[in-house]
Amino acid sequence: MAAPGFEALLKTQELDTRLAQLEHARTHHPLLQKIAAARGHALEVAARVQDEREERHSLERDQKRLDDEVAMLDAKRAVIETRLYDGSVTATKDLLAMQEESKHLAERKNALEDSELEIMERVEALQAVLDTAQAEIDGDDELIAQCENELAEELATLDSESSVVETERAAIVAELPSDLVDAYEELRLTQGGVVVARLVAGACQACHLNLSAMRVDQIGKLDDEVLVHCDQCGAILVR
Ligand SMILES: [Zn+2]
């Protein structure tokens, strides 16, 4: 039977391994991958319709320009129409010229309005493509939100398990001789992984290598409280 301190150290190692597993479960949660995939997909969809989005912006600018031009033509024509009928112009030649100008402005307006109609049709077609893409992106966003909620719950569960384990570990470590704890912590820092192991039938259970018969014999004669390390991996041996 090993000295109680070493048994407690084995238990500490077990708890630390569990804490490492919990940390790994937190940082490598499958939902993180699912969220990243959905984010990637949403970005991909947005990039796919980038040309359509730019074309729509450009057409909207054209439409605005045509609107302004039509408004300007209307204003010009209104001035002419007023002067035509308010009696301020009497010479027939001038009146005919003004009528001609008004007609010309009306024709120009019609042409602009035809162009606007074409633009509106194109914008409508582009909008349909953009709406479909947006629906895909909305679907991704919904999935992301759902996964994030699930993840938050699962992380909270992992966190609470971690704090239970940490409490148990702290209680065990508080009872351990400080030189043993220091040796353990230093090994964990410098080599990590399993740094306390049983010596079973001459084999270290950390590296699974056999110690020499002479070394096993020598260890057997030592007091239970003496700190012994594995010759191969340096683990603290519990015997
Ligand atoms: Zn070893």
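Residues numbered from 1 in each chain as written. Predicted model: local features only at pLDDT ≥ 70, side-chain atom pairs only at ≥ 80, totals over all residues. Heavy atoms only, no water.

**Student:** Looking at this model, I keep getting lost on the sheet that holds strand 1 (residues 196-200). Mind explaining?
**Tutor:** Strand pairing in a sheet relies on backbone hydrogen bonds, with the paired strands running either antiparallel or parallel. Taken in spatial order, the 3 strands make up an open sheet running 2-1-3, and their pairing is mixed. On the outer flanks of this sheet lie strand 2 (203-204) and strand 3 (236-238), each paired with one strand and no other. (Pairing = 2+ DSSP bridges. Helix = DSSP H or I, 4+ residues; strand = E, 2+ residues; numbered from the N terminus.)

**Student:** Sorry, what's going on with the nonpolar core here?
**Tutor:** Soluble, globular proteins show a tendency: their nonpolar side chains are buried together. Phe6, Leu9, Leu176, Tyr184, Val196 and Ile236 are the most contacted members of the largest nonpolar core, which has 22 residues in total. Sorting the residues of this core by element identifies helix 1 (4-27), helix 4 (92-175), helix 5 (178-190) and strand 3 as the ones contributing at least two each. For this core, the leading source of residues is helix 1, giving 7 residues. The residue makeup of this core includes at least three contributed by each of domain 1 (26-174) and domain 2 (178-238). What Tyr184 contacts, discounting residues up to four positions off in sequence, is Leu9, Thr12, Gln13, Asp16, Arg169, Val195, Val196 and Ile236. In terms of nonpolar packing, the next biggest core, distinct from the first, is built from 13 residues, Leu59, Leu73, Val89 and Leu112 among them. (Core = buried A, V, L, I, M, F, W, Y, C linked by side-chain atoms within 4.5 Å. Buried < 20%, exposed > 50% of the residue type's maximum accessible area, 1.4 Å probe, protein only. Domains from an automatic or database assignment. Contact = heavy atoms within 4.5 Å.)

**Student:** Just to check I follow, could you spell out the pattern of salt bridges for this structure?
**Tutor:** Where charged atoms from two side chains of opposite charge come close, those side chains can pair. With the rule as written, the count across this model stands at 20 salt bridges. One salt bridge in this structure joins Glu23 and Arg26, with 3.0 Å as the shortest N-O distance. Taken as a pair, Glu23 and Arg26 lie in helix 1 at a separation of 3 residues, close to a single helical turn. Across the pair Arg108 and Glu69 runs a salt bridge, and its minimum N-O distance is 2.7 Å. Of this pair, Arg108 sits in helix 4 while Glu69 is found in helix 3 (residues 50-85), placing the two residues 39 residues apart along the sequence. (Salt bridge = Lys/Arg side-chain N within 4 Å of Asp/Glu carboxyl O.)

**Student:** Can you walk me through the packing of aromatic side chains in this structure?
**Tutor:** How two aromatic rings sit relative to each other is given by the distance of their centres and the angle of their planes. Scanning the model with the defined rule gives 0 aromatic pairs in all. The cationic tip of Arg239 hangs over the ring face of Phe6; the distance from NZ or CZ to the ring centre is 5.8 Å. (Phe/Tyr/Trp six-rings, centres within 6.5 Å; stacked < 30°, edge-to-face > 60°. Lys NZ or Arg CZ within 6 Å of the ring centre and 35° of its normal.)

**Student:** Hey, could you run me through the confidence of the model for the chain in this one?
**Tutor:** The predicted coordinates of low-pLDDT regions are not to be read in fine detail. Taken as a whole, the chain shows an average pLDDT of 95; of its residues, 99% reach a score of 70 or greater. Averaged pLDDT values for the elements of the chain fall to 93 in helix 5 and rise to 98 in helix 2 (residues 30-48). (pLDDT = per-residue confidence, 0-100.)

**Student:** It is not clear to me how the side chain of Gln13 should be interpreted in this structure. Could you clarify?
**Tutor:** For Gln13, the position within the fold is in helix 1. Separated by 3.4 Å, the side chain of Gln13 and the backbone oxygen of Gly193 make a polar contact. Those residues within four positions of Gln13 in sequence are excluded, and the remaining contacts are Tyr184, Gly193, Val194, Val195 and Val196. (Polar contact = N/O pair within 3.5 Å; in protein donor to acceptor, adjacent residues only side chain to side chain.)

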